[in-house]
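In case you want the letters, here they are:
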Amino acid sequence: MNTEDVSRRLFLMRSLTGVSSAWLALRLPEIVAAQEHAHHAAQSAAPTKFEFLTPEQAAEVEAIAAQIIPTDDTPGAREARVIYFIDRALTTFDKDKQQQYVKGLKELQSKQKKVFKNSTKFSDLSPEQQIKVLKAFEKNPFFETVRVHTIMGFFADPSYGGNYDKVGWKLIGFNDDFYFKPPFGYYDREYKETQ
Amino acid sequence: MNGQQPKFDNQSQVDFVVIGAGAAGGVIAKELSTAGFQVVVLEQGPYLKEKDFDHDEIKTLWHGALVNDWKKQPNSFRKTPKAKAKVQPAVLYGRMVGGGTAHFTANYWRFHEIDFIERSKLGSIAGSGFDDWPITYAELEPYYTKAEWELGISGEPGPFDPPRSRPYPLPPLPIKSAGALLTTGARKLGWHPQPAPMAIISQPYRGRSACSHCGFCEGFGCEIKAKSSTLATVIPEAEKTGRCEIRPNSYVRKIETDNAGRVTGVIYFDEKKAEIFQRAKAVVLCANGAETARLLLISKSNLFPNGLANSSGVVGKFLMFNGAGLATGVFEHELNEFKSVAVTRIIHDFYDSDPKRGFYGGGGIDTRFDVYPMGYALGVLPRDTPRWGADYKKALKHYYTRSMFTFGHTTSLPVERNSISLDPEAKDSWGLPAMRVTYKDHPDDLKIIKFFVDRGLELLEAAGATKKWAFPIGEQNFGVHLLGTCRMGNDRKRSVVNKYHRAHDVPNLFICDGSSFVTSGRGQPTCTIQALAYRAADHIARMAKNGEIKSS
């Protein structure tokens, strides 16, 4: 075991704070191993460059994704780096959707020109204008594909390139720890107290 | 060679080939090998270990890493025998060493006494092949107990439970918020909640780790062996005997017979699709309630023109899926149901069929919110939620930690036309006929689903839900519980195996898995599949030792 492994192991042990039961002492090696495995996978996610999308296409797709899960007081699809998830999906398990993206972006473009005559790029429109275009476009199968990809990229394991810093999981209150202790929620805590 | 997995020569005749390493096959392989027999287990899926499991929703659920692959093994589906079947996914099962027990939710309910004798108590039901089992609860009870103690089940008996000869080996898992809300609501309604029996260990047991409450039970493999799958329990024990060889990635194409009508062995494709014949004195078929029937139908010969062991014509028939009556409720405070096991409390007040309702059916209720982030965001929000945009995001944020389902697990009647058969056109990647599923719920099956949806809504109301809604009820076209297709019985004209799981037509062929069921139970088949497997293995070993299984 090299130094880095040891320090990561110690970090993980420390990060399981407040837990000192005999149970955990017995189980820790397995939980640490499982958690290390997951965290290692998550580390490999640093985005580099686009493999399939051109920068122009990526900007358009990202603008759509950012309306599907918008940024408000919490991060949205943009901050989750959903676009990197989508690009990776299009070069791996969803290769067969490449042409749908190419064609779909053109269809979006023509829909957009019907709604706003002199506009150029979708990503250059104001958020209100983008919503208006997408409302007219949401029955298009390409929109549904982007919608599903955006949601996947927002909530999938960060190792796929999206859900950066676990912002998707944080939004809904999900936590990917490998170990929890009761009480788990409000009603079982209350239940114990009133038994 | 003790303690090491042997490599048997294909040409040497082993005592048993077991087809399928799942809930039943794993148990039978362990029982027969510890009884001193040589066993080869052929499993179509891979041999994964704990290190191969993770919490990756895309790999495991989206791409289905642990289950059958419809691209390689297409299904076709139709509602009635007159319709032409369309190629579409129709059944889902665990495809790996451990089978469905690796990824199942781990609910582990025994059947009640009534399940085995319902026909005698209630009479016949029009449009169904409703029948008694050839065995009683009392005959199976010792094997339920054996399964619970060997595999490691956590639980505590409830007021409606059948008699048991030993307590559960492990105490129940800690209650969760959905369990607490179920208890509160049920008590208000005068119902009788009880701890859920789970095949997940609440304390260290037989060298395995107790549950760490990570929440990734349903659909996933357990990284710390807390789930009592056959992969984590009996299969390693079978290997330790030195008499059991597990051959993963082995896709069986035919159970071979001789001119005397006895099984001689099994022909299968290995990982490279090379054809191999493994000779055996006897075969135990445990490939699940869908593939078992398909394999028998494929294994036809001059002597068995309608498929092996099918002189009755009922191989593949009486398929039962169970039903699900679902409702969702939202609560003021956080439940955090993503933590720990899916289910901690259940209700069995409506287990029995009550003639006063005017239709047949019964079931049990649990509460849970067993969806992972991606699946939740894609499929589980209230129907009035926008599909994208700022309000969609608000809904995402609100519901995940505050929601629970009420889940009514219900009966399906055995209907003869509901079946597994061979598709006349579609083929799998090995060139074998694809599985064709014919299924249309008996009208009573839909009525009992509705009954449980209504009970669920009452329960949510009583528990104080701020918002609640029911899932729509429709005819089923997809099954994960695969039951009844090689039913047990004393009448060889109306059943496939006898009460010892021996095929009526083939003395050295045994069949034991969900296909053996005569009735469907209340939506939790695994416990009974495994009790049947322990019992079958006991009788098979006895017959083999007494020289009652004559091979070719």
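Residues numbered from 1 in each chain as written. Chains lettered and ligands numbered in written order. Predicted model: local features only at pLDDT ≥ 70, side-chain atom pairs only at ≥ 80, totals over all residues.

*Asks:* Go over the overall build of chain B, please, and point to the residues and values.
*Replies:* Tallying secondary structure elements over chain B gives eleven helices and 17 strands in all. Here chain B has a C-alpha radius of gyration of 23 Å; the compact-globule value for 552 residues is 24 Å, and the two agree. Here chain B holds 552 residues, and the buried ones make up 60% of them. Put simply, 74% of the contacts in chain B that link residues at least 6 apart link residues at least 24 apart. (Helix = DSSP H or I, 4+ residues; strand = E, 2+ residues; numbered from the N terminus. Rg over C-alpha atoms; globule rule 2.2 N^0.38 Å. Buried ≥ 20, exposed ≤ 12 C-beta atoms within 10 Å, placed from the backbone. Contact = placed C-beta atoms within 7 Å.)

*Asks:* Account for the confidence of the model for chain A, naming residues and giving values.
*Replies:* The predicted model of chain A averages 84 in pLDDT, with 74% of residues at 70 or higher. Averaged pLDDT values over the elements of chain A bottom out at 44 in helix H1 (residues 3–15) of chain A and peak at 98 in helix H8 (residues 167–172) of chain A. (pLDDT = per-residue confidence, 0-100.)

*Asks:* Break down the interface of chain B and chain A for me, citing the residues and quoting the values.
*Replies:* Between chain B and chain A, the residue contacts involve 42 residues of the former and 40 residues of the latter. Within the residue set of the side of chain B that touches chain A, elements represented by two or more residues are helix H2 (57–62), helix H5 (177–188), helix H8 (373–379) and helix H9 (390–399) of chain B. Tallying contributions element by element places H5(B) first for the side of chain B that touches chain A, with five residues. Per-class residue counts for the side of chain B that touches chain A are 19 nonpolar, 13 polar and ten charged. (Nonpolar A, V, L, I, M, F, W, Y, C, P; charged D, E, K, R; others polar.)

*Asks:* Tell me about the sheet that holds strand E13 (residues 403–410) of chain B, residues and numbers included.
*Replies:* Residue and element names in this part refer to chain B. What the six strands build is an open sheet, ordered E5-E11-E12-E13-E10-E16; its pairing is antiparallel. Sheet topology places strand E5 (193–195) and strand E16 (467–470) at the edges, where each strand pairs with a single neighbour. When strand polarity is set aside, the average angle formed by the axes of neighbouring strands in this sheet is 25 degrees. Sheet analysis places E5 next to strand E11 (residues 345–347), joined by three bridges and oriented antiparallel. Each residue of the ladder has a partner; that of proline 193, found in E11, is isoleucine 347. Across the face of the sheet, helix H10 (residues 443–463) comes into contact with strand E10 (323–330), strand E12 (363–368), E13 and E16 while running at roughly 20 degrees to E10. (Pairing = 2+ DSSP bridges. Axes fitted to C-alpha atoms, helices over the stretch in contact; angles between N-to-C directions.)

*Asks:* Any chance you could break down the nonpolar core for me, citing the residues and the numbers?
*Replies:* All names here are of chain B. Ranked by internal contacts, the top residues of the largest apolar core, which has 205 residues, are Ile28 and Val283. Take this core: its biggest share by element is eleven residues, from helix H11 (residues 526–545). Excluding residues that lie within four positions of it along the chain, isoleucine 28 makes contacts with Val18, Val284, Cys286, Cys512, Ala533, Ala536 and Ala537. (Core = buried A, V, L, I, M, F, W, Y, C linked by C-beta atoms within 7 Å.)

*Asks:* Quick rundown of the environment of B:Arg383? Include the residues and the values.
*Replies:* One can find B:Arg383 in the loop between H8 and H9. As for B:Arg383 and B:Tyr143, which are separated by 240 residues in sequence, their C-alpha atoms are 45 Å apart.

*Asks:* Can you explain helix H4 (residues 137–152) of chain B? Please cite residues and give values.
*Replies:* Three- or four-residue spacings in an α-helix give side chains the same orientation, since the helix completes a turn every 3.6 residues. A rise of 1.5 Å per residue sets the reference length of H4(B), with its 16 residues, at 22 Å; its end C-alpha atoms lie 21 Å apart and thus fit the reference within 8%. Buried residues of H4(B): B:Leu140, B:Tyr143, B:Tyr144, B:Thr145, B:Ala147, B:Glu148, B:Leu151 and B:Gly152, and no others. (Expected span 1.5 Å × (residues − 1).)

*Asks:* Give a detailed account of the pairing of strand E2 (residues 39–42) of chain B, specifying residues and quantitative values.
*Replies:* All names here are of chain B. With burial as the criterion, each face of E2 is covered, one bearing Val39 and Val41 and the other bearing Val40 and Leu42. Across four bridges, the pairing between strand E1 (residues 14–19) and E2 is parallel. The residue bridging phenylalanine 16 from the neighbouring strand is valine 39, located in E2.

*Asks:* Describe helix H7 (residues 141–155) of chain A, with residues and values.
*Replies:* The end-to-end C-alpha distance of H7(A) is 21 Å, a good match for the 21 Å that 15 residues give at a rise of 1.5 Å each. Taken together, the buried residues of H7(A) touch helix H3 (55–68), helix H4 (82–91), helix H6 (127–137) and H8 of chain A together with H2 and H8 of chain B.

*Asks:* Quick one: what's the story with the sheet that holds strand E4 (residues 86–87) of chain B, residue by residue and with numbers?
*Replies:* All names here are of chain B. Strand order in the open sheet formed by four strands is E4-E3-E15-E14, with mixed pairing between adjacent strands. If you trace the sheet from one side to the other, it starts and ends with E4 and strand E14 (419–427), each paired once. Summarising the sheet, strand E3 (residues 75–78) and strand E15 (residues 433–438) pair through four bridges and their orientation is parallel. Looking across to E15, one finds that arginine 78 is bridged to threonine 438. Where helix H7 (residues 291–298) meets the sheet, it contacts E14 and E15, and its direction lies at approximately 60 degrees from that of E14.

*Asks:* Give me the lowdown on the packing of helix H5 (residues 98–115) of chain A against H6(A), citing residues and values where you can.
*Replies:* Residues and elements named next belong to chain A. The interhelical angle for the contact between H5 and H6, taken along N-to-C directions, is 115 degrees, at an axis separation of 10 Å. Taken as a pair, H5 and H6 cross one another with a handedness that is right-handed. Within the contact between the two elements, H5 uses Leu108, Lys111, Gln112 and Val115 and H6 uses Lys132, Val133, Ala136 and Phe137. The residue inventory of the contact of H5 with H6, partitioned by class, reads five nonpolar, one polar and two charged. (Left-handed = near helix turned anticlockwise from the far one by under 90°.)

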